[in-house]
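# Tertiary structure, described
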Amino acid sequence: MKGFFTGISRREKQFAVAGIVIALVFFMPFLAMADPGSIPGSEPSGTRPSSAQEKPLDVKQGDSCKDVLPADTPSYVVCEWLTPPQDAAKVAAFWAADGGANLEKAQPLPQNYVRCNQKTDLSKEPNCRGGQTFCEELPSGWYKCTNMVNNQVTYEKYVDGKKQVLTSAPPDAMTPADRDATDRAPSDSGTTDPGTTDSGTTDPGRTDPGRTDPGRTDPGRTDPGTTDPGTTDPGTTDPGNGDTGETGRPAVPSPTPSNELGPGPTVRSAAPVATAITAASKAGMRIWVENDLADDFRAGDAQFRAAVAKLVAAAKRPGVVGVKFADYLGFRDFTSAAQVKQFVAEATKALRSKLPGKRLAMGVVVPELGCGQAEQCVADMRSRYPLVTRSRVDDYIRTSGVDRVYVASGLFGKSYGGFKVTLDGQESAITPAIAAQAQWMAVKALGWDAVVQIGSREYGLTHSGQSSPWDKERAQAEVDARVGNAIGLGAQTVTLWGHRISYDADHRRILDAGLAPNSVWQALIGKGMRERLSVLFDPGNPEVSVSADIQALAKGVSEIFVLV
């Protein structure tokens, strides 16, 4: 080495030293991180464990995505993972219990199967109690089930997850031999399994909640007698004219039907609107301006253009990112679905042309989504609110061309409470938590989030008194049910209605009087959801002052909708 350095020039020595330094700086860290076994001679022979000696990961660790998330992850974040090993036995027991009854309920069934006549835990008992029943699938989809103890025959089929059981063959399940026997001697009219539906006896006044005919409601259906005060009488709206080609605006606005939503917030003057936008900008909030243009649209071109101009002027102020131009779309103010779609088309066209680059949003309400599996509830909501059925709102959203859609929650609690659903085998009235979960699971299933950004507008956390009546425990439960369910099931943001909104001669607050925080506000802040929360704000009706109100609200929300 000494001879090498004495035989090269000074410049070559400098290059050699630089090369050694580069090698030490850049390559040694990679060697340090490498598997020691990749460097020959770095470990004594035979000391490295073989793969057979390696211990598997402890099942208490790494078997749930919760173990991957940081400790300060908000509790509303829900994740799914593969079934961990310690739960696999429970899963197997679930499917094997009661002679495989849960497997039988799951679709599709095998062509032929055997079940126990009495409840039997086959994981503990070798034989079925009461013997067995053999079921074979018929070409029609019905199963002919023969009790191998007494030879009694029943015909069974699952429809929409509900089991139908008949003691005589329905026409579409009859074999040629069955038809011959029926011709010779009329069969028993048959009895149905309690709680199941005989497919041969349908209620003509009932609609299938899985299939909606947008242009038709049941004319013979009447309100059950327990409607909320002010709900729409289905007889005052002609849903049959929904899509008959009516596209023009009515010359004289028809009376707005009274309903659970009331007349809506009051529109304010420009001065407090400008103050609110400036204050929200200083607070670092995302700012939207809002005004429902539906009434103006129905009043004629002149009033509609004036309302659009007012909204555009507010939206052009610095810091405003978007415009919300409709709320409860189709719930009131319109007489046909075609008119609703025309309104959306003209409003978006006018706003897009005058506000390039601004985002557009609208609000919808779909009462039936909170019903869950309660079919009577679905039918009732469709008959009372025919222009905002699931299928019609789906059409409005997919053809709207807007950037965001806000789905209203928490409006129909009294109506939902009159219906029941079955959860874990027990009947329960539809609570706000059940309604919220049902609604947001339905929104996710409809795939609206693949078309637009979906948000929630939650109306159920406000109060009309000087202070919230809920204690800490109740407030926490309500926030989890109304906000947590929405975000956990796909809503990107939740707008709180409202800070102090004058609504139907009532003042609704999210904070207490004088901007005092309450249990609801503390629960919201405690969840760490500020970036996902926004608030609807009426600058013409502040609690203390526009600036003070917005400064207080900015502690819990990051976005504001300023009423124009």
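Everything below is about the structure shown above.
Residues numbered from 1 in each chain as written. Predicted model: local features only at pLDDT ≥ 70, side-chain atom pairs only at ≥ 80, totals over all residues. Heavy atoms only, no water.

### Observations concerning the pattern of salt bridges
How we decide: When a carboxyl oxygen of Asp or Glu lies within 4 Å of a side-chain nitrogen of Lys or Arg, that pair is called a salt bridge. Think of it this way: any DSSP run of H or I at least four residues long counts as a helix, any run of E at least two long counts as a strand, and we number them from the N terminus. Accessible area is worked out with a 1.4 Å probe on protein chains only. A residue is then buried under 20% of its type maximum, exposed over 50%, and partly exposed in between.
Taken as a whole and judged by the stated rule, the model has 22 salt bridges. The partner of D327 in a salt bridge is R457, with the nearest N and O atoms 3.8 Å apart. Of this pair, D327 sits in the loop between β7 (320-324) and α8 (337-354) while R457 sits in strand β12 (residues 453-458), and the two are 130 residues apart along the sequence. R457 carries the same exposure label as D327, and that label is buried. Through salt bridges with shared partners, a single ionic network connects R286, R404, R530, E531 and E559.

### Observations concerning the packing of aromatic side chains
How we decide: Stacked, edge-to-face and tilted are the three classes for Phe, Tyr and Trp ring pairs, Trp counted by its six-membered ring, which pair at centre distances within 6.5 Å; planes under 30 degrees apart are stacked, over 60 edge-to-face, the rest tilted. Put simply, a charge is over a ring when the Lys NZ or the Arg CZ is close to the ring centre, within 6 Å, and near the line of the ring normal, within 35 degrees.
Throughout the structure, instances matching the rule amount to 13 aromatic pairs. Note on F325 and F343: the rings are 6.1 Å apart at their centroids and 65° apart in plane angle, and the pair reads as edge-to-face. Residue F325 is found in the loop between β7 and α8, and its partner F343 is found in helix α8; the two are separated by 18 residues along the sequence. Considered together, F325 and F343 belong to a single accessibility category, that of buried residues. Connected via pairs of aromatic rings, a cluster forms that spans F297, F304, F325, F334 and F343. Positioned above the aromatic ring of Y406 is the side chain of R457, whose terminal nitrogen or guanidinium carbon lies 5.9 Å from the ring centre. Positioned above the aromatic ring of F561 is the side chain of R457, whose terminal nitrogen or guanidinium carbon lies 5.0 Å from the ring centre.

### Considering unusual backbone geometry
Backbone phi values are negative for most residues with the exception of glycine, while trans is the configuration of most peptide bonds. Phi angles above zero are rare outside glycine, and N151 is one such case at about 65°. Looking at the element boundaries, N151 is found in the loop between β3 (143-147) and β4 (153-159). Phi angles above zero are rare outside glycine, and L515 is one such case at about 70°. Of note, L515 is situated in the loop between β15 (506-509) and α14 (519-526). A residue is classified by how much of its surface remains accessible, and L515, at 17% relative accessible area, is buried.

### So, helix α9 (residues 375-384)
What counts here: Contact criterion: two residues are considered in contact whenever any of their non-hydrogen atoms come within 4.5 Å of each other.
Counting buried residues along α9, eight of its 10 residues qualify, which places the element largely inside the surrounding structure. Inspection of α9 places C377, V378, A379, D380, M381, R382, S383 and R384 among the buried residues, and these make up the whole buried set. Contact partners of the buried residues in α9: α10 (390-400) and α11 (413-416).

### Brief notes about the nonpolar core
Worth spelling out the cut-off: Think of a nonpolar core as a cluster: buried Ala, Val, Leu, Ile, Met, Phe, Trp, Tyr and Cys residues, connected wherever their side-chain atoms sit within 4.5 Å.
In terms of nonpolar packing, the biggest core is built from 109 residues, with F325, F343 and W448 touching the most fellow members. Formed by five residues, the second largest nonpolar core is a distinct cluster that contains L138, Y155, L166 and A169.

### Focus: the environment of P432
Mapped onto the elements of the fold, P432 is located in helix α12 (residues 432-446). Residues P432 and G460, 28 residues apart in the sequence, show an inter-C-alpha distance of 8.7 Å.

### Observations regarding the sheet that holds β4
How we decide: In this scheme, strands are said to pair when DSSP sees at least two bridges between them. All axes here are fitted lines through C-alpha atoms, helices being fitted over the stretch that makes contact, and every angle between N-to-C directions spans 0 to 180 degrees.
Across the sheet, five strands lie side by side as β1-β2-β3-β4-β5; this open sheet has antiparallel pairing. Sheet topology places β1 (112-116) and β5 (162-166) at the edges, where each strand pairs with a single neighbour. Ignoring strand direction, the axes of neighbouring strands in this sheet form an average angle of 25°. With five bridges joining them, β1 and strand β2 (residues 132-137) adopt antiparallel strand pairing.

### Quick look at the state of the cysteines
Rules: When the sulfur atoms of two cysteines come within 2.5 Å, that pair is taken as a disulfide.
In this structure the tally under the stated criterion is three disulfides. Residue pairing for C116: its cysteine sulfur links by disulfide to C128, the two sulfurs lying 2.0 Å apart. Since a negative S-S torsion denotes a left-handed disulfide, the C116-C128 link at about -55° is left-handed. With C116 in strand β1 and C128 in the loop between β1 and β2, this pair connects stretches of sequence that are 12 residues apart. The disulfide that involves C371 links it to C377, with 2.0 Å between the sulfurs. Residues C371 and C377 share a disulfide whose torsion about the S-S bond is about -60°; that sign makes it left-handed. Residue C371 is classed as buried on the basis of its relative accessible area, which comes to 1%. According to the relative accessible area criterion, C377 is buried, its value standing at 0%.

### Remarks on the environment of N291
Note that N291 resides in the loop between β6 (286-290) and α6 (294-299). Owing to a relative accessible area of 10%, N291 belongs among the buried residues under this scheme. Sequence-wise, N291 and L563 are 272 residues apart; in three dimensions their C-alpha atoms are separated by 6.1 Å.

### As for the sheet that holds strand β8 (residues 359-364)
The eight strands are arranged β6-β7-β8-β9-β12-β13-β16-β17 in a closed barrel whose pairing can be described as parallel. Strand-to-strand twist across the sheet, computed as the mean angle between neighbouring axes with direction ignored, equals 30°. In the sheet, strand β13 (residues 493-496) pairs with strand β16 (residues 533-537) via three bridges, with the strands oriented parallel. Bridging across to β16, T495 finds its partner in S534. Set on the sheet, α12 makes contact with β9 (404-409) and β12; between it and β9 the angle comes to about 155°.

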